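If you want the building blocks of each chain, they are given just below.
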Amino acid sequence: MDGAADVRTLTFEDWSAGGSRIHLLDARIKLLAALAILLGLAATGWESATAFAGYFFLVAFILVAAGIPLGGSLLRTLIVLPFVAGIAILNLWGGDPSRAVLLLLRSLLSAYTAIALLSTTPFPALLRGLERLGVPPFLLMVLHFVYRYLFLLVDQAQAMMRARRCRAPQPRGRTSLWKASAGALAVLFARSYGRAERIHHAMLARGFQGHFPVLAEASTPQREWLWLVATITLAVAIQLTARFWPI
Amino acid sequence: MSAESVIQVTNLRYSYPDGNVALAGVDFQLEPGETVAMLGSNGSGKTTFLLHLLGLVEGQSEGEVIVCGMPVEKRTFAQVHRKIGMLFQDSDDQLFMPTVEEDVAFGPLNMGLAADEVRSRVSEALCEVGMEHVAGRPPYHLSAGEKRRVALAGVLAMNPEIILLDEPSTFLDPPARSSLVEILHSLDQAKIVVTHDLTLARQLASRAVYFEHGKITSEGSIEQVIAAAGWDGERRPPQADR
């Protein structure tokens, strides 16, 4: 910790700070639009596989309209690969390659949709939108704090790793490394627990009563909801069109 | 004992759940507009004492804590927290909202003030600490000195009569430190400054108390307390082993 500003940011933080028409839409509209596209993807099977192309172009169009780099956003969809690759491979071995391909396409395009949402909506606005849609506030409070203190945790973990390397430039073996890492994790947990208590004290000291108060928000013009109507219409149209023109 | 003291603590005793004694009978008072430096080694009970003033300590305490004429207990929490604010040692513990503006507004909103009043208090508080230009930014992108000032704005926005400061110069480089001292000088609230920074104590406080093993063992002018604590670097005969 020093006097210089910590300039570590997530790319999504920079992208979501844009001022395009899409950025300025109410978060609830974007959340529900993303949900419509995800439902469309879930409903897409081999009999309507051309819908995948349709959804891809729909999301790509949204990203271009919002001024988000296409290459960067596409690259970030690969984040789901470690999670789905194993299951896809299992399906391949089990003699069902079409299921493996479906799984991969659905996962990648779902990630693409999520990226479009995160790139056009600041995370705090997203949480606020979820709250207004009825998601339990306690869950959102947890997400809020994870987001807020993630960088701090990463910084502390890196500081501990640096300190360990200073005393063990050549690890004595895998077991010694794991023991040190396990110890560091335990310390990180204990420090986080202590911090959580102090944060709670700071909140109580400023009158916290169990829920985050919100400064009055500007009301959303009715016509903005037409964006949602348009997205749902397109998602349905893509699905129906694909069923009439299968591969 | 003055009838107008803003803080009146009598024989405060507290032990942690594991049995360790944290406070062993503390008597203390603070007058309106006065700044008192609270010195003492780590673990001597200073922070625990501050938390008692806010009623944030779990478990049973003995003794009396009166803030602005109100005993500090569950039923008076809301009123007490309007009168007394605290700047915590680590600003990251205190800045938990997505933007500076929302964080400073947290206190006034919890007080139930109208949106216009909240906005006006936020604006005034940020101006008072010279941080109005960062209102829309996330707090975690600020430097240590900027975070400290924003945290102070969050406290000032509640218009307290008393401000508690726990090691306020921690992590601050000299320019940030000078800036903070200048701001604190301009505030006319009564203040308790817990600090190891003797220069800061001399700059801000008119009197000092010294905590040792959960009690106040000396009080008086800054220099008297520093000398009594042996913190002035003067050579003295070695103390007998305890």
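Residues numbered from 1 in each chain as written. Chains lettered and ligands numbered in written order. Predicted model: local features only at pLDDT ≥ 70, side-chain atom pairs only at ≥ 80, totals over all residues. Heavy atoms only, no water.

1. Thoughts on the overall build of chain B
Broken down by element type, chain B carries nine helices and 10 strands. Relative to the compact-globule value of 18 Å for 242 residues, chain B shows a C-alpha radius of gyration of 18 Å, a close match. The principal-axis extent of the C-alpha atoms belonging to chain B is close to 60 × 40 × 35 Å. In chain B, buried positions account for 56% of the 242 residues. Look at the contacts in chain B between residues 6 or more apart in sequence, and 66% of them connect residues 24 or more apart. For chain B, the exposed area adds up to about 10,700 Å²; of that, 48% sits on carbon and sulfur atoms. (Helix = DSSP H or I, 4+ residues; strand = E, 2+ residues; numbered from the N terminus. Rg over C-alpha atoms; globule rule 2.2 N^0.38 Å. Buried < 20%, exposed > 50% of the residue type's maximum accessible area, 1.4 Å probe, protein only. Contact = heavy atoms within 4.5 Å. Areas by Shrake-Rupley, 256 points an atom, 1.4 Å probe, with all protein chains shown as cover.)

2. So, the side chain of B:Thr35
By the secondary structure assignment, B:Thr35 is in strand 3 (residues 35-40). By relative accessible area, B:Thr35 is classed as buried at 8%.

3. Details of the nonpolar core
Residues and elements named next belong to chain B. Ranked by internal contacts, the top residues of the largest apolar core, which has 47 residues, are Ile7, Phe28, Phe49, Leu53 and Phe96. When residues in this core are grouped by element, the largest group, five residues, is from strand 2 (residues 21-30). Those residues in contact with isoleucine 7, other than ones at most four positions away along the chain, are Phe28, Gln29, Leu30, Leu53, Ile66, Val67, Ile84, Ile162 and Ile192. (Core = buried A, V, L, I, M, F, W, Y, C linked by side-chain atoms within 4.5 Å.)

4. Quick notes on empty space enclosed by the protein
Counted according to the given criterion, the structure contains two cavities of 30 Å³ or more. Approximately 60 Å³ is the volume attributed to the largest cavity. If you trace the largest cavity, you find it lined by A:Phe123, A:Pro124, A:Leu127, A:His144, A:Tyr147, A:Arg148, B:Phe96, B:Met97, B:Pro98 and B:Tyr140. Every element with two or more residues in the lining of the largest cavity is listed here: helix 7 (123-132) and helix 8 (137-167) of chain A. Here the lining of the largest cavity is composed, by residue class, of eight nonpolar, one polar and one charged. Here the second largest cavity defines a volume of roughly 30 Å³. If you go around the second largest cavity, the residues you meet are A:Arg206, B:His81, B:Ile84, B:Gly85, B:Met86, B:Val155, B:Met158 and B:Pro160. For the lining of the second largest cavity, the leading source of residues is strand 6 (residues 84-87) of chain B, giving three residues. Looking at the lining of the second largest cavity residue by residue, the class counts come to five nonpolar, two polar and one charged. (1 Å grid on protein atoms, 1.4 Å probe; cavity = no way out; pocket = protein on both sides within 12 Å on 5 of 7 lines; lining within 4 Å. Points joined across faces, edges and corners; volume = space filled by probe spheres on them. Nonpolar A, V, L, I, M, F, W, Y, C, P; charged D, E, K, R; others polar.)

5. Structural notes on a nonpolar patch on the surface
On the surface, A:Phe138, A:Val142, A:Val146, A:Leu150 and A:Val154 cluster together into a nonpolar patch covering about 440 Å² of accessible area. Relative to the elements of secondary structure, A:Val154 occurs in helix 8. (Patch = residues over 30% accessible without salt bridge, like charges linked within 9 Å, V, L, I, M, F, W, Y side chains within 5 Å. Salt bridge = Lys/Arg side-chain N within 4 Å of Asp/Glu carboxyl O.)

6. Some points on the sheet that holds strand 3 of chain B
All names here are of chain B. Read from one edge to the other, the open sheet built from six strands follows the order 6-7-8-3-9-10, with strand pairing classed as mixed. Two strands in the sheet have a free side with no partner beyond their single neighbour: strand 6 and strand 10 (215-220). Strand-to-strand, the axes of this sheet are offset by a mean angle of 20°, without reference to chain direction. Together, strand 6 and strand 7 (162-166) form the strand contacts of helix 6 (residues 144-156), whose direction differs from that of strand 6 by roughly 170°. (Pairing = 2+ DSSP bridges. Axes fitted to C-alpha atoms, helices over the stretch in contact; angles between N-to-C directions.)

7. Remarks on the side chain of B:Asp93
Turning to its location among the elements, B:Asp93 is positioned in helix 3 (residues 91-94). Within the local environment of B:Asp93, its side chain forms a polar contact with the side chain of A:Arg195, the two groups lying 2.6 Å apart. In contact with B:Asp93, not counting residues within four places along its chain, are A:Tyr149, A:Arg195, A:Arg198, A:Ile199 and A:Ala202. (Polar contact = N/O pair within 3.5 Å; in protein donor to acceptor, adjacent residues only side chain to side chain.)

8. Concerning the interface of chain B and chain A
Accessible area lost upon the coming together of the parts serves often as the stated size of an interface. Each side of the interface is counted separately: chain B has 32 residues, and chain A has 35 residues. Both sides of the chain B and chain A interface together cover about 3,000 Å² of buried area, and 60% of this is carbon and sulfur. When the area that chain B buries against chain A is broken down by residue, the three leading residues are B:Asp93, B:Phe96 and B:Tyr140, summing to 23%. One can count 13 residue pairs in polar contact (both at pLDDT 80 or more) joining chain B with chain A. Mapped onto the side of chain B that touches chain A, the elements with two or more residues apiece are helix 3, helix 4 (100-110), helix 5 (115-128) and helix 6 of chain B. Among the elements that take part in the side of chain B that touches chain A, helix 4 of chain B stands out by supplying seven residues, more than any other. Its residues assigned to classes, the side of chain B that touches chain A comprises 19 nonpolar, seven polar and six charged. (Buried area = accessible area lost by both parts, 1.4 Å probe.)

9. Quick notes on helix 4 of chain B
With nine of 11 residues buried, helix 4 of chain B is to be regarded as a mostly interior element. Inspection of helix 4 of chain B places B:Val100, B:Asp103, B:Val104, B:Ala105, B:Phe106, B:Gly107, B:Pro108, B:Leu109 and B:Asn110 among the buried residues, and these make up the whole buried set. Where helix 4 of chain B is buried, its residues meet helix 9 (174-205) of chain A together with helix 3, helix 5 and helix 6 of chain B.

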